[in-house]
Amino acid sequence: MSGTQGMLAEAFSATVNAATNPPPNPEDHGSKAHHVNGGKGGFVNPWDSWHDAGIVAILKGIMHYRKTHGVTGPKTDPAPNVVKPTFPTTRSATDTQFRATWLGHACFYVEFPGGLRVLFDPVFSDRCSPVQFMGPKRYTKIPCEIADIPVVDIVCISHNHYDHTDYGTIVKLQELHPKVHFFVPLGDKQWFTRSGFHNCTELDWWDVREVVLDPSNEGQKTTVGFLPCQHTSGRGLTDRSMTLWGSWSIESGGKKVYFAGDTGYRAVPQESAGKDDYAEEYKHLPVCPAFKQIGELRGGFDLGLIPIGAYVPRWIMSPMHADPKDAVNIFVDTKCTKAIAMHWGTWVLTDEPVMEPPERLRRALKEKGIDETGVFDVLDIGGSKDF
Ligand code: ZN
Ligand code: ZN
């Protein structure tokens, strides 16, 4: 315990070390099948569950869907409820609360017992776009300002798409919390360093690091691990999949969180459009094996933060975005005890009705026999849950 009665001053900066006792890796870990030309040529999803239609076919498919369905995109009223979050203004190494707050889309703030405070995929800008005069605009308000969040030690970024990596938000975070440490996917450190964010560690799938915040408090050990998921990356026209994407596991104060990032689970064919793609005739479709590996090798998560939205047209979106049934399977495969839904309710990125994902999630949980409330929850934007 530190001489300041267990207070973790805001001024501590994270020391990031190699893991002393790294957990086991999957058998095929050495092959680095997700690296193209050793990573120089970017990255791929090395599984049968992935299908790359290519950007042109994706855009054509979306246009065709909108033409045949007579829509210009879903209506955004009604929309999810937004509430103002409240955060503890002090933190201490003796804190016992374990609490997650959904700040819209894929952004979560997690308070771990023992004092660690983590932000996942923070985006506070109005538009998730390279520019703020065009691109998807929020249809629900931000629940608070960045400055309302009192302490941030670590920021974990799942990949560099604009709805997950926002320059304006990161500038502000760094200004408010100069010691904040960014954990980013392999290949993204260059962008962070170039942008002036030097407290940055980039990791490959299955890499693990130990983080020490307060050197005088040896009991407060945090483990940060980067893990696979099925997605892509890119911020421009020429950098598709040139940097890695993934999911995160964080263990601190005896609690373990899995942040699934932005991910698909399987790729369904075009002819399944309008049908249940989990029906008997599609049971043979391969699922992404990474989630079972994560469950077996790193699982036993107290909390999973799992995407449920951005899935229509399904045959186009399924390789990269989970629908609620996929999300429930990811929850089961990764061995999470509890979960909160994310990646919906904030920007119109795809064509499903905006309030449909939570409704479908409830049905998917029921079908799987997980119908008790409080297991896989949907919060208000700005809502918190204690575990
Ligand atoms: Zn993405
Ligand atoms: Zn996304």
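Residues numbered from 1 in each chain as written. Chains lettered and ligands numbered in written order. Predicted model: local features only at pLDDT ≥ 70, side-chain atom pairs only at ≥ 80, totals over all residues. Heavy atoms only, no water.

## Things to note about the pairing of strand 6 (residues 181-185)
By the criterion of burial, strand 6 is predominantly enclosed, with five of the five residues buried. The pairing of strand 5 (residues 154-156) with strand 6 spans three bridges and is classified as parallel. When the sheet's bridge partners are listed, Cys156 is paired in strand 6 with Phe183. Handedness of the crossover is the feature at issue here: the chain leaves strand 5, passes through helix 2 (residues 167-176), returns alongside strand 6, and the resulting connection is right-handed. Here strand 6 pairs with strand 7 (residues 200-203) via four bridges, running parallel. Bridging across to strand 7, Val184 finds its partner in Glu202. (Buried < 20%, exposed > 50% of the residue type's maximum accessible area, 1.4 Å probe, protein only. Helix = DSSP H or I, 4+ residues; strand = E, 2+ residues; numbered from the N terminus. Pairing = 2+ DSSP bridges. Right-handed = clockwise from strand over helix to strand, strands pointing away.)

## Concerning the environment of Thr243
As for its position among the elements, Thr243 is in the loop between strand 9 (222-227) and strand 10 (247-252). On the basis of relative accessibility, which here comes to 11%, the residue Thr243 falls in the buried class. Residues Thr243 and Val184 lie 59 residues apart in sequence; the distance between their C-alpha atoms is 9.9 Å. Not counting residues up to four positions away in its chain, the partners in contact with Thr243 are Phe43, Asn160, Leu186, Gly187, Asp188 and Ser233. Here Asn160 takes part through its side chain, which lies 3.2 Å from a polar atom of the side chain of Thr243. (Contact = heavy atoms within 4.5 Å. Polar contact = N/O pair within 3.5 Å; in protein donor to acceptor, adjacent residues only side chain to side chain.)

## Some points on the pattern of salt bridges
A complete count under the given rule lists 21 salt bridges for this structure. With a closest N to O distance of 3.4 Å, Lys275 and Glu271 form a salt bridge. Here Lys325 ties to Glu367 by a salt bridge, and the two come within 3.2 Å at their closest N and O atoms. Of the two residues, Lys325 sits in helix 6 (residues 324-333) while Glu367 sits in helix 7 (residues 356-367), which places them 42 residues apart along the sequence. The exposure class assigned to Lys325 is partly exposed, which follows from its relative accessible area of 21%. With a relative accessible area of 59%, Glu367 lands in the exposed category. Within the structure, one salt-bridge network assembled from shared partners comprises Arg266, Asp277, Arg314, Asp323 and Asp326. (Salt bridge = Lys/Arg side-chain N within 4 Å of Asp/Glu carboxyl O.)

## Digging into the coordination of the zinc ion (ligand 1)
All of the protein donors around the zinc ion (ligand 1) are His159 (NE2), His161 (ND1), His231 (NE2) and Asp262 (OD); their distances to the metal are 2.1 to 2.3 Å. If you look at the zinc ion (ligand 1), its four donor atoms make angles of 84 to 171° with each other, and the shape they trace is irregular. A gap of 3.6 Å separates the zinc ion (ligand 1) and the zinc ion (ligand 2), which Asp262 links by coordinating each metal. Taken together, the residues span a long stretch of sequence, with His159 in the loop between strand 5 and helix 2 and Asp262 in the loop between strand 11 (255-259) and helix 4 (290-298) at a distance of 103 residues. Residue Asp262 is classed as buried on the basis of its relative accessible area of 2%. (Donors = N, O, S within 2.8 Å, 3.2 Å for Na, K, Ca; no water. Tetrahedral: all angles 85-135°; square planar, octahedral: opposite > 155°, others 65-115°.)

## Considerations on the coordination of the zinc ion (ligand 2)
Ideal geometry at a metal gives 109.5 degrees between four tetrahedral donors and either 90 or 180 degrees between six octahedral ones. Here the zinc ion (ligand 2) is held by Asp163 (OD), His164 (NE2), Asp262 (OD) and His343 (NE2), and the distances to it run 2.1 to 2.2 Å. Its four donor atoms give the zinc ion (ligand 2) angles of 88 to 158° at the centre, a pattern that matches the irregular case. Here the donor residues for the zinc ion (ligand 2) map to a single chain with the spacing D-H-x97-D-x80-H.

## As for the packing of aromatic side chains
Applying the stated criterion to the full structure yields 19 aromatic pairs. On the basis of an interplanar angle of 85° and a centroid distance of 5.1 Å, the ring pair of Phe87 and Tyr109 is categorised as edge-to-face. A residue pair is termed long-range when its members are at least 10 positions apart, and Phe87 in the loop between helix 1 (55-69) and strand 2 (99-102) and Tyr109 in strand 3 (residues 108-111) qualify at 22 residues. Since its relative accessible area comes to 12%, Phe87 is described here as buried. Ring geometry for Phe192 versus Phe197: centroids 6.0 Å apart, planes at 65°, classification edge-to-face. Through a chain of ring-to-ring contacts, three or more aromatic side chains come together here, namely Tyr167, Phe182, Trp191, Phe192 and Phe197. Above the plane of the ring of Tyr162 lies Arg235, whose end atom (NZ or CZ) is 4.1 Å from the centre. We note Arg266 situated over the ring of Tyr278; from NZ or CZ to the ring centre the distance is 3.9 Å. (Phe/Tyr/Trp six-rings, centres within 6.5 Å; stacked < 30°, edge-to-face > 60°. Lys NZ or Arg CZ within 6 Å of the ring centre and 35° of its normal.)

## A word on the confidence of the model for the chain
Predicted coordinates in areas of low pLDDT are best not read in detail. Within the chain, residue pLDDT values average 92, and 97% of them lie at 70 or more. This stretch, residues 1-6, has a pLDDT under 50; its non-local contacts, to residues over four places away or in other chains, come to 10 contacts. (pLDDT = per-residue confidence, 0-100.)

## Points about the environment of Lys385
Take Lys385: it is sitting in strand 15 (residues 384-386). For the pair Lys385 and Thr101, spaced 284 residues apart in sequence, the C-alpha separation works out to 6.5 Å. Among all residues touching Lys385, those that are not within four sequence positions of it are Phe98, Arg99, Ala100, Ile340, Gly374, Asp377 and Leu379. A distance of 3.2 Å separates the side chain of Lys385 from the backbone oxygen of Gly374, its partner in a polar contact.

## Looking at the side chain of Asp323
Here Asp323 is to be found in the loop between helix 5 (314-317) and helix 6. A distance of 2.9 Å separates a polar side-chain atom of Asp323 from the backbone nitrogen of Asp326. Beyond its immediate chain neighbours, meaning those up to four positions away, Asp323 contacts Tyr278, Ile308, Tyr311, Arg314 and Arg360.

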